[in-house]
Amino acid sequence: MSGGDGLDPGRLKTRALIALADLDPATLGAARWTGLAGMSRPDVHLIEAFTFDDGGAIAIAGFGPEAVPEAGSLADRAIRLTVPLAGPDPWAGLSRIAQDGGSVAGLMGGRLIGHPGRAAAARAAAEGARRTPENRITTRLSPGDQSHTSVIIDERSMLKLYRRLAPGTNPEAEILAALDVIGGAPVPDWVGAVEYMSRDGSASTTIAIEQDYVTGSDDVFETVADELAAWLTGTGPRAATDVLGATGRATARLHLAMGRMSRSGAAAPGVPPDIGRHAWLEAAELTLDAAIAALRTVDPDLATQVTDAAPAIRRALAPLGKPVPGTTVQRIHGDLHLGQMLRTGDEVLIVDFEGDPARDPLTRREPGPRLRDIAGLLRSIDHVARSGRRRALALGATPIDPALDASVDAWIEGGRKDFLAAYGSELREPDGLADRALLRALEVEKELGELVYAARFLPAWLYAPRAGLAALLGRSPVR
């Protein structure tokens with residue numbers, strides 16, 4: 001596949017530079033995914049630009065005081081963002097490359113390269129031929145607040161354009177391509193990915209992926225939170241926890257598939273698998289320090305309360321540094337919560353494999369204990385209950401019946417039990433949940449990470465980890 005809509009290189013460069021000059025610094029700084037908050041007018045340079053057969057175009061740009069105008073470079077430490085250019089949208093062009101393979105040449109000699117998956121090959125076989133430029137692709141933006149731009153293609157697949165880029169293969173593209181080969185994971189079918197390669201071949205990065213679009217699916221977090229709100233306001237029955245059992249089964253199937261993936265070498269870890277447990281403890285204690293520092297800028301009272309609770313928090317984290325034989329270490333999801341779960345009937349599919357957004361992309365590829373994913377989901381069960389209660393208050397439940405309010409804690413405990421029972425039963429391995437002390441330590445670490453994320457990017461979310469940390473510690477140090 002070759003690019004070009006009649007634009008000569010000069011016109012494409014002009015189009016890209018105009019788009020970059022027109023970017024609103026305030027809008028960019030307010031977007032939680034850019035990392036440009038606080039920069040009044042960040043330096044910007046054009047790294048590369050591409051145009052497609054239908055006239056859609058996209059640029060890769062570097063932002064920040066350390067940006068250097070080296071054509072095609074990803075070596076500088078500037079923040080790199082993808083920028084769709086004015087005019088026809090680039091979604092159809094990106095989708096063609098992901099589904100059909102081939103490449104598109106860029107303004108400065110770089111290339112976009114397609115890596116189709118098995119789902120794309122199956123579609124091509126079923127349709128009798130690969131797509132041609134004459135086949136019109138329909139596109140529509142997916143609603144909702146997201147870290148990247150998601151676009152529904154032909155109502156059957158979802159294209160995700162990564163807006164902030166990091167060198168190398170994105171962990172999500174790496175894992176999903178490997179699971180496509182391994183099979184058995186509860187994930188939407190893999191369609192393909194689009195990779196940017198610099199002119200000299202020395203740098204590359206994943207800029208987009210495409211998976212099947214799961215029609216009729218529900219975001220588990222949003223669905224459960226709404227059901228809880230209806231229950232608490234007396235407009236619906238007691239919120240069920242059956243979906244949490246389905247989530248436990250799906251998580252176990254994912255871990256089994258990722259275990260096979262790790263053993264096969266299909267997605268090799270970024271570091272050797274024998275990571276010392278002392279490193280886990282050290283990282284958790286650094287997260288505690290980061291939480292306190294971040295909270296000081298947005299909620300000084302909460303920062304003081306977490307500081308006062310620090311001795312109890314460190315005691316809770318201590319099992320992270322104590323080796324326990326039999327703890328399974330492998331590639332994991334890394335950022336698993338109910339918002340990454342799609343309910344389809346009685347089953348659940350898992351999405352968003354980029355890993356913890358607070359961690360460096362390279363370290364997101366490190367192997368870890370399965371219990372880290374479990375801890376994330378258990379915290380999410382707590383958070384969805386807090387969110388449901390908050391929504392009930394917003395709907396006018398003032399006050400909520402005290403007896404019903406108290407039963408939220410019982411709902412959380414029941415949901416945890418349903419999830420863990422289903423996970424352990426599906427896993428069929430005796431060590432799956434053996435290290436309960438480690439699990440609790442990972443839950444505390446996860447809640448600290450939630451405090452960091454909320455303080456830095458989404459202060460309105462602080463209410464959930466604030467209450468969750470208090471519950472984990474068995475007292476009320478974080479009121």
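As the structure is a prediction and not an experimental result, all values here were calculated from the model.

Some points on the overall build of the protein
Right, so step 1: Helix and strand counts for the protein come out as 14 helices and 16 strands.
Right, so step 2: Among the 479 residues that make up the protein, the fraction classed as buried is 52%.
Right, so step 3: When contacts within the protein are restricted to residue pairs at least 6 apart in sequence, long-range pairs at least 24 apart make up 73% of them.
Right, so step 4: A total of about 20,300 Å² of accessible surface is found on the protein, and carbon and sulfur atoms cover 54% of it.

Some words on the environment of valine 191
Right, so step 1: Within the secondary structure, valine 191 sits in strand β10 (residues 190–197).
Right, so step 2: Residue valine 191 is classed as buried on the basis of its relative accessible area of 0%.

Remarks on the packing of helix α9 (residues 300–308) against helix α10 (residues 310–317)
Right, so step 1: Remark: α9 packs on α10, axes separated minimally by 4 Å, with the N-to-C direction vectors making an angle of 55°. As far as their axial angle goes, α10 and α9 are oblique. Contacts from Val306, Thr307 and Asp308 in α9 reach Ala310, Pro311 and Ile313 in α10.

Some points on the packing of aromatic side chains
Two aromatic rings, taken as a pair, are described by how far apart their centres are and by the angle between their planes.
Right, so step 1: What the rule picks out here adds up to five aromatic pairs.
Right, so step 2: Note on phenylalanine 50 and tyrosine 196: the rings are 6.1 Å apart at their centroids and 75° apart in plane angle, and the pair reads as edge-to-face. Of this pair, phenylalanine 50 sits in strand β1 (residues 44–51) while tyrosine 196 sits in strand β10, placing them 146 residues apart in sequence.
Right, so step 3: Phenylalanine 50 sits in the buried class, given a relative accessible area of 1%.
Right, so step 4: Assessed through its relative accessible area of 0%, tyrosine 196 is described here as buried.
Right, so step 5: Ring centres of tryptophan 461 and tyrosine 463 lie 5.6 Å apart, and the angle between their planes is 75°; this geometry places the pair in the edge-to-face category.

Quick look at the nonpolar core
Right, so step 1: With 109 residues, the main nonpolar core has Leu94, Leu112, Ile313 and Trp411 as its most contacted residues.
Right, so step 2: Beyond its immediate sequence surroundings of up to four residues, leucine 112 is in contact with Phe50, Phe52, Leu94, Ile97, Gly102, Ser103, Val104, Val194, Glu195, Tyr196 and Ile207.
Right, so step 3: Ala19, Ala49, Leu85 and Met108 belong to the second-largest nonpolar core, a separate cluster that totals 15 residues.

Comments concerning the sheet that holds strand β7 (residues 149–153)
Right, so step 1: Spatially, β4-β5-β10-β11-β8-β7-β6 is the arrangement adopted by the seven strands of the open sheet, whose pairing is antiparallel. Edge positions in the open sheet fall to β4 (103–105) and β6 (139–141), since each of these has one partner strand only. Averaged over all adjacent pairs, the angle separating strand axes in this sheet is 20°, with direction ignored.
Right, so step 2: Bridge analysis of β10 against strand β11 (residues 204–212) gives seven bridges, and the strand direction is antiparallel. What sits directly across from alanine 193, in β11, is isoleucine 209.
Right, so step 3: Each of β4, β5 (111–116), β6, β7, β8 (157–161), β10 and β11 touches helix α3 (residues 91–100); the most contacted strand, β5, lies at about 55° to it.
Right, so step 4: Sheet contacts for helix α5 (residues 171–182): β8, β10 and β11; angle to β11, the most-contacted strand, approximately 50°.

As for α10
Right, so step 1: Among all positions in α10, only Ala310, Ala312, Ile313, Ala316 and Leu317 are buried. In a view along the axis of α10, the buried residues occupy a sector of 160°, so they form one face of it.

Here we look at the sheet that holds strand β9 (residues 164–165)
Right, so step 1: With antiparallel pairing, four strands are arranged side by side in an open sheet as β1-β2-β3-β9. Of all the strands in the sheet, just β1 and β9 have a single pairing partner and so form its edges.
Right, so step 2: Where strand β2 (residues 57–63) meets strand β3 (residues 79–84), six bridges bridge the pair, whose relative direction is antiparallel. Across the sheet, the residue bridging to alanine 59 is valine 83, located in β3.
Right, so step 3: In this fold helix α1 (residues 9–21) packs onto β1, β2 and β3, with an angle of close to 130° to the strand it touches most, β1.

Focus on the pairing of β5
Right, so step 1: Sheet analysis places β4 next to β5, joined by three bridges and oriented antiparallel. The residue of β5 that forms the bridge with valine 104 is leucine 112.
Right, so step 2: In textbook terms, the turn of a hairpin is the stretch between consecutive antiparallel strands, and for β4 and β5 this stretch comprises five residues, one of which, glycine 109, has a positive phi near 100°.
Right, so step 3: Across six bridges, the pairing between β5 and β10 is antiparallel. Residue pairing in the sheet places histidine 115 in a bridge with alanine 193 of β10.

What to know about the pairing of β10
Each regular strand shows side chains that alternate between the opposite faces of the sheet.
Right, so step 1: Taking burial as the measure, the eight residues of β10 include seven buried ones, the bulk of the element.
Right, so step 2: Where β10 folds back on β11, the antiparallel hairpin that results is connected by six residues, among which glycine 201 adopts a positive phi of roughly 75°.

Some words on the environment of glycine 415
Right, so step 1: On the secondary structure map, glycine 415 appears in helix α12 (residues 402–427).
Right, so step 2: Exposure remark for glycine 415: the relative accessible area of 0% places this residue in the buried category.
Right, so step 3: In this structure the C-alpha to C-alpha distance between glycine 415 and threonine 241, which are 174 residues apart in sequence, comes to 5.5 Å.
Right, so step 4: Glycine 415 has contacts with Thr241, Leu244 and Ile381, leaving out every residue within four places of it along the chain.

About the cut-offs
- Residues numbered from 1 in each chain as written.
- Predicted model: local features only at pLDDT ≥ 70, side-chain atom pairs only at ≥ 80, totals over all residues.
- Heavy atoms only, no water.
- Helix = DSSP H or I, 4+ residues; strand = E, 2+ residues; numbered from the N terminus.
- Buried < 20%, exposed > 50% of the residue type's maximum accessible area, 1.4 Å probe, protein only.
- Contact = heavy atoms within 4.5 Å.
- Areas by Shrake-Rupley, 256 points an atom, 1.4 Å probe, with all protein chains shown as cover.
- Axes fitted to C-alpha atoms, helices over the stretch in contact; angles between N-to-C directions.
- Parallel < 35°, antiparallel > 145°, perpendicular 65-115°, else oblique.
- Phe/Tyr/Trp six-rings, centres within 6.5 Å; stacked < 30°, edge-to-face > 60°.
- Core = buried A, V, L, I, M, F, W, Y, C linked by side-chain atoms within 4.5 Å.
- Pairing = 2+ DSSP bridges.
- Arc of directions from axis to C-beta.

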